[in-house]
Amino acid sequence: MKLDVYEHLAQINAGFDQAIRSLVALRKHGAFPRGALARFAALSKETRAAATSYIVSVIEASETDEAGRRFRERKAQERADEKGGEL
């Protein structure tokens, strides 16, 4: 998996964290009902968790495939090296 995927995941989480902190900060202004802000913060946390879970599951599948491919390549190279040494 390319590094930029991990960087985007970190940026997504940082963005959600910023949004949640801002919603909490708005509580000190009387114009905003605390209950509404709390609901939006909870929805943001839920969405962050769902998005992170999905992205991480795709990363996991990709990394597992990559590990399997590299393992097969290494084993094939080891077999080729062993055959080369027998000559």
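For the structure, check the block above.
## Quick word on the overall build of the protein
The helix and strand tally for the protein stands at 2 helices and 0 strands. On C-alpha atoms alone, the protein measures out to a radius of gyration of 23 Å, which is more than a quarter above the 12 Å that the 2.2 N^0.38 rule sets for 87 residues. With the C-alpha coordinates aligned to their principal axes, the bounding extent of the protein is approximately 85 × 15 × 10 Å. For the protein, buried positions account for 13% of its 87 residues. A sequence separation of at least 24 residues applies to 68% of the contacts in the protein between residues at least 6 apart. Only carbon and sulfur atoms are counted for the fraction: they give 60% of the accessible area of the protein, which is about 6800 Å².

## Focus on the pattern of salt bridges
Here the structure, examined in full by the defined rule, presents 6 salt bridges. Between E66 and R69 there is a salt bridge; the shortest N-O distance is 2.8 Å. Of the two residues, E66 and R69 are both situated in helix α2 (residues 34–86); the distance of 3 residues between them amounts to about one turn of the helix. Here E66 falls in the partly exposed class, since its relative accessible area comes to 23%. Across the pair R69 and E73 runs a salt bridge whose closest N-O atoms are separated by 2.4 Å. Taken together, the residues span about one helical turn, with R69 and E73 both in helix α2 at a distance of 4 residues.

## Structural notes on helix α1 (residues 3–25)
The terminal C-alpha atoms of α1 lie 33 Å apart, and with 23 residues this matches the ideal 33 Å at 1.5 Å per residue to within 8%. L9, N13, F16, I20 and L23 are the residues of α1 that are buried.

## Observations regarding a nonpolar patch on the surface
Residues M1, L3 and Y6 make up a contiguous nonpolar surface patch of about 280 Å² in total accessible area. Relative to the assigned elements, Y6 resides in helix α1. Among the residues examined, Y6 registers a relative accessible area of 34% and is labelled partly exposed.

## Observations concerning the environment of L26
Here L26 lies in the loop between α1 and α2. Expressed as a C-alpha distance, the spacing of L26 and L37, which sit 11 residues apart in the sequence, is 7.7 Å. Aside from chain neighbours lying at most four places away, what touches L26 is F32 and L37.

Reading the values: the criteria
Here the residue numbers are simple positions, counted from 1 along each chain's written sequence. Side-chain atom pairs in this predicted model are given and counted only at pLDDT of 80 or more, local residue features only at pLDDT of at least 70, and totals for whole chains, interfaces and linings cover all residues. Derived side-chain values reflect all non-hydrogen atoms in the structure, with water molecules and hydrogen atoms excluded from consideration. The way it works is that DSSP assigns letters per residue, a run of H or I at least four long becomes a helix, a run of E at least two long becomes a strand, and they are numbered from the N terminus. For the radius of gyration, the atom set is restricted to C-alpha positions; the globular benchmark scales as 2.2 Å times the number of residues to the power 0.38. Only protein chains enter the calculation, and the probe is 1.4 Å; a residue is then buried if its accessible area is under 20% of its type maximum, exposed if over 50%, and partly exposed in between. Any two residues whose heavy atoms approach within 4.5 Å at even a single point are treated as in contact. Surface accessibility follows the Shrake-Rupley procedure with a 1.4 Å probe radius. Residue values consider only the protein chains on display as shielding. Every case where a carboxyl oxygen of Asp or Glu lies within 4 Å of a side-chain nitrogen of Lys or Arg is listed as a salt bridge. Helix span, as expected, comes to 1.5 Å for every residue beyond the first. Two joining distances apply to patches: 9 Å for like charges and 5 Å for nonpolar side chains (Val, Leu, Ile, Met, Phe, Trp, Tyr), and every residue must have over 30% relative accessible area and no salt bridge.

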